[in-house]
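Reading the structure
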Amino acid sequence: MAALMKDSIAQTPRIVIAIDGPAGAGKSTIGKRLAARLGALYIDTGAMYRAVALKSFRLGVLEPSSAPEPLLPEQEAKLAEIAQGMKISLAGDPFHLQVLADCEDVSQEIRMPAVSRYASIVSAVAGVRAALVEQQRRMGATGTVVMDGRDIGTAVFPDADVKFFLDASVETRTERRYAEQRARGIECTREETRLDVLERDRRDYNRPVSPLRRADDAIWLDTSALSPEETLEKMLALIHQRLSVRG
Ligand code: DC
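My aim in this report is to walk through the structure given alongside it, one point at a time. (Residues numbered from 1 in each chain as written. Predicted model: local features only at pLDDT ≥ 70, side-chain atom pairs only at ≥ 80, totals over all residues. Heavy atoms only, no water.)

**Points about the overall build of the chain**
From N to C terminus, the chain includes ten helices and eight strands. Compactness check: the chain gives a C-alpha radius of gyration of 18 Å against a globular reference of 18 Å for 247 residues, within 12% of the reference. C-alpha extents for the chain along the principal axes are approximately 50 × 35 × 30 Å. A total of about 11500 Å² of accessible surface is found on the chain, and carbon and sulfur atoms cover 54% of it. Here the chain contributes 34 positively and 35 negatively charged side chains, and the mean placements of these two sets differ by 2 Å. (Helix = DSSP H or I, 4+ residues; strand = E, 2+ residues; numbered from the N terminus. Rg over C-alpha atoms; globule rule 2.2 N^0.38 Å. Areas by Shrake-Rupley, 256 points an atom, 1.4 Å probe, with all protein chains shown as cover. Lys, Arg positive; Asp, Glu negative; His and termini not counted. Charge placed at Lys NZ, Arg CZ, Asp CG, Glu CD.)

And the structure:
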């Protein structure tokens, strides 16, 4: 299948694969593997929102200790300005992705739970989204890409060649996030992780600008009962099917 996929991809000048879905649905685990199998560039757009959240934190635009919502208009304007002025790049292969914010490697720091929370707040700001979507379109214009996020199939690349919407139960997503955080040495309880997943769902699905939703033409996949390998094989088969139908 891998050889077959590479062949069919090689015949097409540029393929965009969009993967959207809620936190913990498996987007980045699968996105990386998919990109490696297809010889594609992997773009983790969540990392970009996280990088803006981290910088806003450091500059004191967001208060680390208190609930910052609703944001004040001047905070929103400052956040948009930060996003517009930042140079975010992703370097390395999909499994060793380095996130560079203004040339600083922030790959580890952006995974802290506080940054996750603030990233979902920052990502609701229209000016932040406009700045990052523009960067994402530029990054995606360079060749065959696998891009994951919340609005790839609906806003960033509405004409993506194949779109997936990955989902999983709250329990499964909590377990995955919990294991991931423990593996990174981050202290947290299961319950804190569950509440965090629910809170991020609430924000991602309900924000007025580009809320998380499945594009009409996206393939919906529930990964709750699937291993990453099973999910990957299903997706490769579906991509192959879609591309061969298109000819
Ligand atoms: O995928 P992630 O957990 O790293 O994303 C961090 C936050 O960024 C998430 O709460 C939603 C937001 N996000 C977004 O709004 N649009 C994207 N394309 C990617 C992420």
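Following the structure, the description resumes.
**Some details on unusual backbone geometry**
Despite not being glycine, cysteine 103 shows a phi value in the positive range, around 75°. Residue placement: cysteine 103 occurs in the loop between β4 (98-101) and β5 (104-105).

**Remarks on the packing of helix α3 (residues 45-58) against helix α4 (residues 73-85)**
Look at α3 against α4: their axes get within 10 Å of each other, and the N-to-C directions meet at 120°. When the axis of α3 is compared with that of α4, the two are oblique. Two packed elements cross with a definite hand, and for α3 against α4 that hand is right-handed. Touching Val52, Lys55 and Ser56 of α3 are Leu79, Ile82 and Ala83, all from α4. Tallied by class, the residues present in the contact of α3 with α4 amount to four nonpolar, one polar and one charged. (Axes fitted to C-alpha atoms, helices over the stretch in contact; angles between N-to-C directions. Parallel < 35°, antiparallel > 145°, perpendicular 65-115°, else oblique. Left-handed = near helix turned anticlockwise from the far one by under 90°. Contact = heavy atoms within 4.5 Å. Nonpolar A, V, L, I, M, F, W, Y, C, P; charged D, E, K, R; others polar.)

**Structural notes on the sheet that holds strand β8 (residues 219-222)**
With respect to topology, five strands assemble into an open sheet ordered β2-β6-β1-β7-β8, the strand pairing being parallel. The sheet is open, and its two borders are formed by β2 (41-44) and β8, each paired with just one other strand. Looking at each pair of strands side by side, their axes are set apart by 20° on average, direction ignored. Bridge analysis of strand β1 (residues 16-20) against strand β7 (residues 162-167) gives four bridges, and the strand direction is parallel. Looking across to β7, one finds that isoleucine 19 is bridged to phenylalanine 164. Across the sheet, α3 touches β2 and β6 (145-149), and the angle it forms with β2 is around 40°. (Pairing = 2+ DSSP bridges.)

**Some points on the site of the ligand**
Near the ligand there are 15 residues, and of these Arg50, Arg129, Asp151, Arg200 and Arg207 occur at the shortest range. For the ligand, whose unbound accessible area comes to 440 Å², protein coverage reaches 97%. Examining the composition of the shell around the ligand, we find that four residues originate from one element, α3, more than from any other. Its residues placed into classes, the shell around the ligand shows two nonpolar, five polar and eight charged. (Near = heavy atom within 4 Å.)

**Brief notes about helix α6 (residues 126-140)**
Residue pairs spaced three or four apart in an α-helix point in one direction, given the helix's 3.6 residues per turn. Compared with the 21 Å implied by 1.5 Å per residue over 15 residues, the 21 Å span of α6 between its first and last C-alpha is a close match. Residues of α6 that are buried include every one of Val128, Arg129, Ala131, Leu132, Val133, Gln135, Gln136, Met139 and Gly140, and no others. (Expected span 1.5 Å × (residues − 1). Buried < 20%, exposed > 50% of the residue type's maximum accessible area, 1.4 Å probe, protein only.)

**Let's talk about the sheet that holds β4**
Spatial ordering of the open sheet is given by β3-β4-β5, a layout of three strands whose pairing is antiparallel. Looking along the sheet, the strands with just one partner apiece sit at the ends: β3 (88-91) and β5. Packed on one face of the sheet, α3 meets β3, β4 and β5 and runs near 130° to β3.

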